[in-house]
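Observations on the three-dimensional arrangement
Residue-level listing of the chains:
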Amino acid sequence: MKFPVEQFQGVRTPFYYYDRKLLEQTLDVINREAARYAGFHVHYAVKANVDPTVLGIVNAAGLGCDCVSGGEVEVCLKAGFPASKVVFAGVGKADWEINLALDADIACFNVESAPELDVINELAQAKGKVARVALRVNPNVDAHTHHYITTGLSENKFGISMDMLDMIVQHAHSLPNISFEGLHFHIGSQILDLQPFVDLCNTVNRLQDELAAKGVKIRTINVGGGLGCDYEHPDEHPIPDFASYFKIFAEHLVLHRDQELHFELGRSVVCQCGALISRVLYVKEGVKKKFVILDAGMSDLIRPALYEAHHNIENITAPANGPKEKYDVVGPICESSDTFGKDEVLPVTRRGDLVALRSAGAYGQIMASNYNCRRIPSSLVL
Ligand SMILES: *Cc1c(COP(=O)(O)O)cnc(C)c1O
C-alpha cells in the first residue's frame with residue numbers, strides 16, 4: 001500500500017485511513033466471483049466497519065447488509081441500503097430492536113432461539129405484520145480460529161442446536177405471524193484454512209435432506225461470513241481469495257431448486273483497505289529495550305490487546321532504506337496490554353514520524369472506545 005503522506009499533513013492523529021480504490025477493487029472481485037454462480041447473494045457484515053463513506057461504497061457496489069443490533073439496522077437504512085437487503089442476527093435482540101426492524105420491513109430475522117421466535121411473532125402480530133425468519137443453526141463445526149471468535153461449536157452461545165431444529169421449525173410453521181424462510185449459519189471469523197467451510201457445507205446438506213424428507217420448504221440458506229485476511233502479508237494479499245471461497249460452496253453445498261445462497265462477509269471486505277495512522281510521541285530508552293511510544297493506543301485499535309492480534313507496523317515517513325533498529329511499539333494507555341508489537345525492526349524512528357498499523361479496516365475504528373477519556377479516532381477516505 002502506498003500511503004498519500006502529503007495528504008495526511010494537518011490531519012489530527014491518530015486517524016483511520018481507508019484506501020477507496022482498494023475497497024472498490026475488493027468489492028469488484030467479490031461481485032465478479034459471486035456472479036459465477038446462480039443464486040449467490042452477498043451481504044456486508046456492517047459490524048466490521050460503519051464509516052459512512054465506506055458504507056456508501058459498499059452500498060454502491062450492490063451488496064446487502066448483515067446487522068447484529070437495532071443500531072446497525074438504523075445505520076444501514078440511513079446509509080441508503082434497501083430494507084429488502086437487510087438481515088438481522090444476534091442472540092439477544094431487544095423488543096425495541098425487533099420493532100424497529102419490523103417497521104422497516106427488513107428481509108429476514110436470523111433467529112437464534114425458540115423464545116426469540118415467540119417474541120418476534122407476538123410483536124409482529126401487534127403490528128399486523130408477518131416477519132420473515134431464518135433459523136440460525138449451531139452446526140458444531142470447528143472453525144479452528146481464536147476461541148474468542150469461534151461461534152459454531154455447541155459450547156458457544158450462538159444459534160439453535162441441531163437436535164432441537166426440527167421441533168423449532170415445526171413451531172415456526174405453527175406461528176401465524178412468522179414466515180419461515182430458511183436456515184442460517186455462521187461458524188466464526190478470520191478463517192483462512194477453507195476446510196471448516198467444507199465441513200459446514202456437508203452439515204448443511206445433511207440438515208436440508210432431513211428437513212426436505214419431512215416436507216419442509218427451505219427458500220434460503222445463509223452461510224454467514226468468516227473468511228479471513230492475511231495480516232502478515234497485506235501487500236502480497238491485498239484482496240482475500242474470494243474465488244476459492246465461493247468455489248468451495250459451489251462445489252460442496254447442494255442447493256435445491258430455486259434456492260438462494262446468502263453470504264455475510266465482514267472482515268474480508270474491509271480489512272486490508274484500512275490502516276491506523278499514528279504519530280510517534282517519544283522514543284524512550286528502556287533498560288533492555290527501546291520503546292516507540294505512539295499517540296494511538298488500545299482505545300483506538302483493541303485487537304492486539306483483546307485477541308493478541310498483530311498488525312504490521314510501518315514507519316511511513318522515515319526513509320525505508322536507511323539504518324534499522326529494534327523497538328517495542330506501544331500506546332499511551334495505562335495498561336501493559338497496550339502494546340502493538342515487540343522487537344519490531346523499523347527504520348530508525350524519531351519523534352514526529354508517522355506510523356501505519358496495517359490491515360486495520362475491520363474491527364478497528366468501530367471498536368474504538370473513550371477509555372482514559374480519549375477521543376474516538378476520525379477517518380480519512382482517499
Ligand atoms: C460477525 C458476523 C459476520 C461477519 O464475520 P466476518 O468474520 O467479519 O466475515 C457474519 N455473520 C454474523 C451473524 C456475524 O455475527
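Our subject in this report is the structure included herewith. As the structure is a computational prediction, the values presented were derived from the model and not from experiment. (Residues numbered from 1 in each chain as written. Predicted model: local features only at pLDDT ≥ 70, side-chain atom pairs only at ≥ 80, totals over all residues. Heavy atoms only, no water.)

1. A word on the overall build of the protein chain
Condition: Numbering of helices and strands starts at the N terminus; helices are DSSP runs of H or I of at least 4 residues and strands are runs of E of at least 2. Atoms counted for the radius of gyration: C-alpha only. Globule rule: 2.2 Å times residue count to the power 0.38. The buried label applies to any residue whose accessible area, calculated with a 1.4 Å probe on protein chains only, is under 20% of its type's maximum; exposed applies above 50%, and partly exposed to all values in between.
When you go through the protein chain residue by residue, the secondary structure sums to 10 helices and 17 strands. Computed over its C-alpha atoms, the radius of gyration of the protein chain comes to 22 Å, within 12% of the 21 Å expected for a compact globule of 382 residues. Overall size of the protein chain, expressed as C-alpha extent along the three principal axes, is 70 × 40 × 35 Å. Evaluated residue by residue, the protein chain yields a buried proportion of 55% over its 382 residues.

2. Some remarks on the pattern of salt bridges
Cut-off, in case you're wondering: When a carboxyl oxygen of Asp or Glu is within 4 Å of a side-chain nitrogen of Lys or Arg, the pair counts as a salt bridge.
Overall, the coordinates contain 18 salt bridges when judged by the stated rule. In this structure, E181 and R219 form a salt bridge, with 2.5 Å as the shortest nitrogen-oxygen distance. Placement of the pair is E181 in strand β8 (residues 178-184) and R219 in the loop between α7 (195-213) and β9 (220-222), with a sequence separation of 38 residues. D328 is paired through a salt bridge with K289; the nearest N and O atoms lie 3.2 Å apart. With a gap of 39 residues between them, D328 in strand β14 (residues 324-330) and K289 in the loop between β11 (274-285) and β12 (290-294) connect regions that are remote in the sequence. Since its relative accessible area comes to 4%, D328 is described here as buried.

3. So, the state of the cysteines
As a reminder, the rule being used: By definition, disulfides here are pairs of cysteine sulfur atoms that lie within 2.5 Å.
Enumeration over the complete set of coordinates arrives at one disulfide. Free of any disulfide, C273 has its nearest cysteine sulfur in C271, 8.4 Å distant. No disulfide involves C334; its nearest neighbouring cysteine sulfur is the one of C373, lying 11 Å away. Judged by relative accessible area, which is 66%, C334 ranks as exposed.

4. Considering the side chain of K290
Quick reminder of the rule: Whenever two N or O atoms come within 3.5 Å, that pair is a polar contact, provided that in protein one can donate a hydrogen and the other can accept it, and provided that, for residues adjacent in sequence, both atoms are side-chain atoms. Residue contacts are counted whenever heavy atoms from the two residues lie within 4.5 Å of one another.
Summarising the element assignment, K290 is placed in strand β12. A distance of 3.4 Å separates polar atoms of two side chains, one belonging to K290 and the other to E285. Apart from residues lying up to four places away in sequence, K290 is in contact with K284, E285, E325, K326, Y327 and D328.

5. Brief notes about the site of the ligand
Which entries qualify depends on this criterion: The nearness test applies per residue and asks whether one of its heavy atoms lies within 4 Å of the molecule or strand. A 1.4 Å probe and the Shrake-Rupley method give the accessible areas. Residues count as covered only by the protein chains that appear here. Each residue is assigned to one class: nonpolar for Ala, Val, Leu, Ile, Met, Phe, Trp, Tyr, Cys and Pro, charged for Asp, Glu, Lys and Arg, and polar for all the others, Gly among them.
K47, S189, E264, R267 and Y363 are the nearest of the 16 residues found near the ligand. At 2.7 Å from an oxygen atom of the ligand is found a side-chain nitrogen or oxygen belonging to K47. Separating an oxygen atom of the ligand from a side-chain N or O atom of S189 is a distance of 2.3 Å. Here the ligand has 380 Å² of accessible area as a free molecule, and 94% of this is covered by the chains. A class-by-class count of the residues in the shell around the ligand yields five nonpolar, six polar and five charged.

6. So, the packing of aromatic side chains
Here is the rule we go by: Within 6.5 Å between ring centres, the rings of Phe, Tyr and Trp (the latter by its six-membered ring) count as paired, and their orientation is classed by plane angle as stacked under 30 degrees, edge-to-face over 60, tilted in between.
The final tally for this structure, using the stated rule, is 16 aromatic pairs. Summarising the aromatic geometry, the rings of Y245 and F249 are spaced 5.1 Å apart at their centres and angled 70 degrees between planes, so their arrangement reads as edge-to-face. Pair noted here: Y245 and F249 are both in helix α8 (residues 242-252), with a separation of four residues, about one helical turn. F249 carries the same exposure label as Y245, and that label is buried. With a centroid separation of 5.2 Å and 85 degrees between ring planes, the pair formed by F249 and F263 is classed as edge-to-face. Placement of the pair is F249 in helix α8 and F263 in strand β10 (residues 260-265), with a sequence separation of 14 residues.

7. With respect to helix α1 (residues 20-34)
The following threshold applies: Helices are assigned an expected span. That span is 1.5 Å times one less than the residue count. What the arc describes is the spread of directions from the helix axis to the C-beta atoms.
Along its 15 residues, α1 runs 21 Å from first to last C-alpha, staying within 8% of the 21 Å computed at 1.5 Å per residue. Among all positions of α1, only L22, L23, T26, L27, V29, I30, E33 and A34 are buried. The buried side chains of α1 occupy one side of the element, clustering within an arc of 155 degrees when seen end-on. Residues of α1 that are exposed and point over 90 degrees away from its buried face: K21 and D28. Elements that come into contact with the buried residues of α1 comprise β2 (40-45), α2 (52-60), α8 and α9 (267-270). Its side-chain oxygen 3.1 Å from the backbone nitrogen of K21, D19 forms the N-cap of α1.

Note that every value here comes from positions in space, so none of it alone points to a role or purpose.
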